[in-house]
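Tertiary structure, described
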Amino acid sequence: MPARVPEEPDRSTARLERHVLGPWETNCYVVTAGAPAPGRPCWVVDAGFEPEALVASVRRAGLRPAALVLTHCHLDHIAGVNAVLGAFPDAMLLVHRDERDWLTDAEANLSALIGMPVTARAADRLLDEGDRLTLDGLEFEVRHVPGHSPGSIALYQAESGAVISGDALFAGSIGRTDFPGSDFETLDRSIRARLYTLPDETRVYPGHGPETTIGREKRGNPFVRG
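None of these values were measured; they are calculated from a predicted model. (Residues numbered from 1 in each chain as written. Predicted model: local features only at pLDDT ≥ 70, side-chain atom pairs only at ≥ 80, totals over all residues. Heavy atoms only, no water.)

**Digging into the sheet that holds strand β10 (residues 162–166)**
- Spatially, β7-β8-β9-β10-β13-β14 is the arrangement adopted by the six strands of the open sheet, whose pairing is mixed. This sheet does not close on itself; its edge strands, each paired only once, are β7 (132–135) and β14 (212–213). (Pairing = 2+ DSSP bridges. Helix = DSSP H or I, 4+ residues; strand = E, 2+ residues; numbered from the N terminus.)

**With respect to unusual backbone geometry**
- Located in the positive-phi region is Glu25, a residue other than glycine, with phi close to 50 degrees.
- Note on placement: Glu25 falls in the loop between β1 (14–21) and β2 (26–33).
- Take Glu25: its relative accessible area is 54%, and that puts it in the exposed class.
- Notably, Asp46 is not glycine yet its phi reads approximately 70 degrees, a positive angle.
- Position of Asp46 among the secondary structure elements: in the loop between β3 (41–45) and α1 (52–61). (Buried < 20%, exposed > 50% of the residue type's maximum accessible area, 1.4 Å probe, protein only.)

**Description of the pattern of salt bridges**
- Applying the stated rule across the entire model yields nine salt bridges.
- Taking the shortest distance from any N to any O, the salt bridge between Glu141 and Arg143 comes out at 3.4 Å.
- The buried category is assigned to Arg143, whose relative accessible area is 14%.
- The shortest N-O distance in the salt bridge between Asp178 and Arg176 comes to 2.8 Å.
- In this structure Asp178 comes out as exposed when scored by relative accessible area, which is 54%. (Salt bridge = Lys/Arg side-chain N within 4 Å of Asp/Glu carboxyl O.)

**Examining the nonpolar core**
- Leu68, Leu70, Val81 and Leu103 are the most contacted members of the largest nonpolar core, which totals 27 residues.
- For this core, the secondary-structure elements that each account for two or more residues are β2, β3, α1, α3 (81–87) and β5 (92–96).
- With four residues, α3 is the largest single contributor of residues to this core.
- Those residues within four positions of Leu103 in sequence are excluded, and the remaining contacts are Leu70, Cys73, Ile78, Leu93, Val95, Asn109, Val118, Thr119, Ala120, Arg121, Ala122 and Ala123. (Core = buried A, V, L, I, M, F, W, Y, C linked by side-chain atoms within 4.5 Å. Contact = heavy atoms within 4.5 Å.)

**A word on a nonpolar patch on the surface**
- A surface patch of nonpolar side chains, amounting to about 390 Å² of accessible area, comprises Trp24, Leu113, Ile114 and Met116.
- As for its placement among the helices and strands, Leu113 is situated in the loop between β5 and β6 (125–127).
- Classification of Leu113 by relative accessible area gives exposed; the value is 56%. (Patch = residues over 30% accessible without salt bridge, like charges linked within 9 Å, V, L, I, M, F, W, Y side chains within 5 Å. Areas by Shrake-Rupley, 256 points an atom, 1.4 Å probe, with all protein chains shown as cover.)

**Here we look at the pairing of β2**
- Counting buried positions along β2 gives eight out of eight residues, so the element sits mostly inside the fold.
- Here β2 shows a buried face lined by Thr26, Cys28, Val30 and Thr32 and a second buried face lined by Asn27, Tyr29, Val31 and Ala33.
- Pairing analysis gives eight bridges linking β1 to β2, with the strands arranged antiparallel. Across the sheet, the residue bridging to Ala14 is Ala33, located in β2.
- The antiparallel hairpin formed by β1 and β2 contains four residues in its connecting segment, where Gly22 sits at a positive phi of about 80 degrees.
- Where β2 and β3 come together, three bridges link them in antiparallel fashion. Bridge pairing links Val30 to Val44 in β3.

This is the structure:
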């Protein structure tokens with residue numbers, strides 16, 4: 001009997017593994033095209049406080065982090081950047097250009113204001129609205145969603161029907177707009193133009209709290225109704 005040729009792993013949809021990190025319970029994601037497998041490239045999206053469990057999970061799976069992508073640069077999403085990049089030095093660091101200085105400025109990223117100064121090295125690549133990022137053949141669209149912070153982004157994967165929304169949109173809520181650099185009207189416009197225009201069935205993976213869908217938020221979000 002001839003040997004069976006192994007099936008090619010399915011890479012047609014994104015797989016997101018959520019890690020809830022630190023005192024602000026920040027959702028950080030390990031993203032792969034298809035199921036995790038040894039040697040497969042992945043992204044880490046956001047790196048909160050105490051990222052050791054995330055790093056250990058990536059290592060156990062034998063994944064190869066190609067990039068650390070930041071949805072924005074508030075301290076609870078960047079406190080673990082140095083640890084993640086220290087563990088995976090070949091990973092590129094990506095951030096929207098409007099927050100390119102926040103990684104090295106503890107006042108801008110709000111960490112100095114609470115007496116917990118956090119800084120990291122400069123980004124390797126600056127992102128803009130409409131950029132296309134490819135992970136193992138799977139394309140993600142960068143959607144600029146300012147308002148919670150000037151450089152907030154969402155990552156949309158059309159074939160998977162999924163969007164990582166950062167702190168722009170939550171289940172039943174939106175990102176705070178009382179921080180320096182925040183603005184409610186800007187966030188309202190961003191959500192309506194860049195998120196509520198996605199198909200209703202799109203699954204939303206936020207920066208805090210449980211998953212939701214675009215349709216559910218358009219119908220019931222008390223802060224921004226569709």
